[in-house]
Amino acid sequence: MNAHLQTTVDALEDQFALEQHTFRDHLTLTFERELISEICTQLRDQFGFIVLTALTAVDYFGRKSPRFHVVYQLHNREQDARLFLRTPVPEDDPVTDSVVSIFPNANWYEREVWDLYGIRFAGHPDLRRIMLPKGWEGHPMRKDVPVKVEETRFTFNYKEIDLDKRYVEE
Amino acid sequence: MTIHNEVTSVSLDEIKTLVSQKALDGETMLLNMGPQHPSTHGVLRLLLELDGETIVSCIPDIGYLHTGIEKTMEDKTYQKAEVVTDRLDYLNTVGNNLAYCLAVEKLVDLDVPIRAQVLRVILAELQRIASHLIWLATQALDLAAQSVFLYCFREREKILDILELVSGQRMMTTYIRPGGLWRDVPVEFESAVRTFLDEFPRRIDQYEDLLTKNPLFVDRTKGIAVISGEEAVRLGMTGPSLRGSGVDYDLRKLNPYSGYEQYEFEVPLGEHGDVFSRYIIRIQEMRESLKIIQQALDKLPYGPVRSNNRKYVPPPRSELGVSMEALIHHFKLWTEGFKAPDEAVYVPVSSPRGELGVFLEGDGGPKVYRAHWRTPSYANLQAIPKLAEGHLIADLVAIIGSLDIVLGDIDR
């Protein structure tokens, strides 16, 4: 592992409760969502992770207990170290703190996660839908939203599907 | 009709934090630009707050081309999901395939033969030139230089001919596959690329003759939309738009992939961070790409173009008739697909527009569990409110062009 990454993680582990996971050359830190602002501020100011590469979410519908993970990807360009942060967010209270005040380019990424996953970011200056039109209902990237709305029609189920059609009124 | 208006109209109340106090008092004007506007390069919509002709604030509105590509990928196996990656950034299709395949290869730990890696580099650099040609054509057209547009498209067609030669498709090639390439290049490939290499440097000189010292072009680009290096990094800009501000950040040098460390090339850097710097950077990048292609073509080794790992890569057609195992592998790969571990990887590559990153997560099954595309246009466009502030509407056209956005890349 990158030496700078190692010192960073050691310093953080002294202060916060973190869970480490390494796969290939990716180091991922998982921690409680309340800590995100503090850890991001420290990483930016003391350890040189000045770039937020991307921010996204993953939905573990039916697989893991806090349903969502918000994934932050930070990059220290001088040391060439990439760090991944994950904060679990439960389904019944999908709110986490915004990092726009720390990384200005988080603005659109957080709007995208709100739009497609329905996770709110407290303290975001302008949390509107970004991809979908204004009056859209639901958050389509969630796993319980089907990709295909309509079942493929075959001879054996042709009539059942046909009955659900709007043109079958009588 | 009413539904349409409800969806697209923006009330002043919604955007009151994004405009100045003057707009709320009615002193400045709010003007809608796009989504159907020839110089917004697709379906970008901008809400402009204007004081006379000067832009006070600029509010981008995207999503008109959102097709749910990430959601579609979640429904497909790893091989099939690649087909939609071409449709993201439709000017950099080979680059998208490359980023996706590198991510899959990292996820399942798959090797790629050297010949395939060299061919990938050649095609990715050809695609970079093609993409920069479209950028140059449209940037010049936006600034009323119509002949450059025609010349650039003429040269781009030659690159598309090469892509058609290798893959049968001009644009949506899907030629790079996890573990290598779809098939080896035909024998005409080398001479076709060499012909292009011979004639293209002269063409770049011609474009420069038309633009670089042209006072009409220079007046409209120099000193427009200046952004400092630190500010650009803070806003998450990458690619030529960032290098125009003098920040040395190119993933081909920093984290070389596909053997980029073996080629000698420069990363051109700008000095002023204005529209003209970004123009000069891209012109020089085309020359550097030619150098890379030349070196790669000279050292192109013979050998296989697909990994021999039959659990992930289908066997050659010729084996199906004689080998039972090959038949089983072929059948399993095209019906079920291969399984990837329950882990996540992130692979960034250098696309013509900047850092193109694929975040790919598997769940132990044959389908993509989550694919997030960190697209460069999306990150670069976020800087436009900052870049456009204080400029005239006529300059905004040059600014949008200089960021080289592709809406398919932004809306996904």
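Residues numbered from 1 in each chain as written. Chains lettered and ligands numbered in written order. Predicted model: local features only at pLDDT ≥ 70, side-chain atom pairs only at ≥ 80, totals over all residues.

Peer 1: Would you mind going over the overall build of chain B with me for this structure?
Peer 2: Check the secondary structure of chain B and you find 18 helices and 8 strands. Since a compact globule built from 412 residues should have a radius of gyration of about 22 Å, the 23 Å found for chain B is in line with a globular shape. Projecting the C-alpha coordinates of chain B onto the three principal axes gives extents of approximately 80 × 50 × 40 Å. Expressed as a percentage of the 412 residues in chain B, the buried residues total 48%. Sequence-distant contacts in chain B: of pairs separated by 6 or more residues, those separated by 24 or more amount to 69%. (Helix = DSSP H or I, 4+ residues; strand = E, 2+ residues; numbered from the N terminus. Rg over C-alpha atoms; globule rule 2.2 N^0.38 Å. Buried ≥ 20, exposed ≤ 12 C-beta atoms within 10 Å, placed from the backbone. Contact = placed C-beta atoms within 7 Å.)

Peer 1: Is there a simple way to explain the sheet that holds strand 2 (residues 26–30) of chain A in this structure?
Peer 2: Pairing between the strands of a sheet is mediated by backbone hydrogen bonds and can be parallel or antiparallel. Residue and element names in this part refer to chain A. Taking strand neighbours across the sheet as the criterion, the 5 strands line up as 1-2-5-4-3 in an open arrangement whose pairing is mixed. This sheet does not close on itself; its edge strands, each paired only once, are strand 1 (19–23) and strand 3 (51–59). Averaged over neighbouring strand pairs, the angle between their axes works out to 25° when direction is ignored. Bridge analysis of strand 1 against strand 2 gives 5 bridges, and the strand direction is antiparallel. Across the sheet, the residue bridging to Glu19 is Thr30, located in strand 2. Lying on the sheet, helix 3 (residues 106–117) is in contact with strand 3 and strand 4 (68–76); it crosses strand 3 at an angle near 5°. (Pairing = 2+ DSSP bridges. Axes fitted to C-alpha atoms, helices over the stretch in contact; angles between N-to-C directions.)

Peer 1: How should I be thinking about the packing of helix 8 (residues 188–211) of chain B against helix 13 (residues 275–299) of chain B in this particular structure?
Peer 2: Helix packing geometry: the angle between the two helix axes and the distance between the axes. Residues and elements named next belong to chain B. Where helix 8 meets helix 13, the closest approach of the two axes is 11 Å, and the angle between their N-to-C directions is 160°. With respect to helix 13, the element helix 8 is oriented roughly antiparallel. The two elements helix 8 and helix 13 cross, and the hand of that crossing is left-handed. Of helix 13, the residues touching helix 8 (which contributes Glu190, Val193, Arg194, Leu197, Phe200, Pro201, Ile204 and Glu208) are Ile283, Met286, Arg287, Leu290, Ile293, Gln294 and Leu297. Grouping the amino acids of the contact of helix 8 with helix 13 by side-chain chemistry returns 10 nonpolar, 1 polar and 4 charged. (Parallel < 35°, antiparallel > 145°, perpendicular 65-115°, else oblique. Left-handed = near helix turned anticlockwise from the far one by under 90°. Nonpolar A, V, L, I, M, F, W, Y, C, P; charged D, E, K, R; others polar.)

Peer 1: Looking at this structure, I do not really get the sheet that holds strand 1 (residues 29–33) of chain B. What am I missing?
Peer 2: Residue and element names in this part refer to chain B. The strand order across the open sheet formed by 3 strands is 1-2-3, and the pairing between neighbours is antiparallel. The open sheet terminates on both sides in strands that have one partner only, identified here as strand 1 and strand 3 (54–61). Each strand of the sheet is rotated relative to its neighbour by a mean of 25°, with strand direction disregarded. Two elements, strand 1 and strand 2 (residues 45–51), share 5 bridges in a ladder whose sense is antiparallel.

Peer 1: Help me understand the environment of A:Val58, please; the structure alone is not making it clear to me.
Peer 2: Structurally, A:Val58 can be placed in strand 3. Between the C-alpha atom of A:Val58 and that of A:Met131, which follows or precedes it by 73 residues, the distance is 17 Å. A:Val58 has contacts with A:His69, A:Val71, B:Glu361 and B:Arg370, leaving out every residue within four places of it along the chain.

Peer 1: Just to check I follow, could you spell out the environment of B:Ile134 for this structure?
Peer 2: The residue B:Ile134 is located in helix 6 (residues 114–142) in this model. Expressed as a C-alpha distance, the spacing of B:Ile134 and B:Pro316, which sit 182 residues apart in the sequence, is 37 Å.

Peer 1: Explain helix 2 (residues 36–47) of chain A here, please?
Peer 2: Residues separated by three or four positions in an α-helix point in the same direction, a consequence of the helix having 3.6 residues per turn. Residue and element names in this part refer to chain A. An ideal rise of 1.5 Å per residue puts 16 Å on 12 residues; helix 2 measures up with 15 Å between its terminal C-alpha atoms. Residues of helix 2 that are buried: Ile36, Ile39, Cys40, Leu43 and Phe47. The arc enclosing the buried residues of helix 2, seen along the axis, measures out at 100°, which places them on a common side. Exposed side chains of helix 2 directed beyond 90 degrees from the buried face belong to Asp45 and Gln46. Turning to helix 2, the residues buried within the fold contact helix 1 (3–15), strand 4, strand 5 (81–89) and strand 6 (95–97). Within two residues after helix 2, Gly48 carries a phi angle of roughly 75°, on the positive side. (Expected span 1.5 Å × (residues − 1). Arc of directions from axis to C-beta.)

Peer 1: Is there a simple way to think about helix 17 (residues 393–403) of chain B in this case?
Peer 2: Counting buried residues in helix 17 of chain B gives 9 out of 11 residues, a clear majority hidden from the surface. Looking one or two residues beyond helix 17 of chain B, the residue adopting positive phi is B:Asp404, at roughly 55°.

Peer 1: Would you mind going over the pairing of strand 1 of chain A with me for this structure?
Peer 2: Every regular strand shows the same layout, with side chains that alternate between the two sheet faces. Across the 5 residues of strand 1 of chain A, 0 count as buried, placing the element largely on the outside. Between strand 1 of chain A and strand 2 of chain A, which follow one another and run antiparallel, lie 2 residues, and A:Arg24 among them has a positive phi close to 50°.

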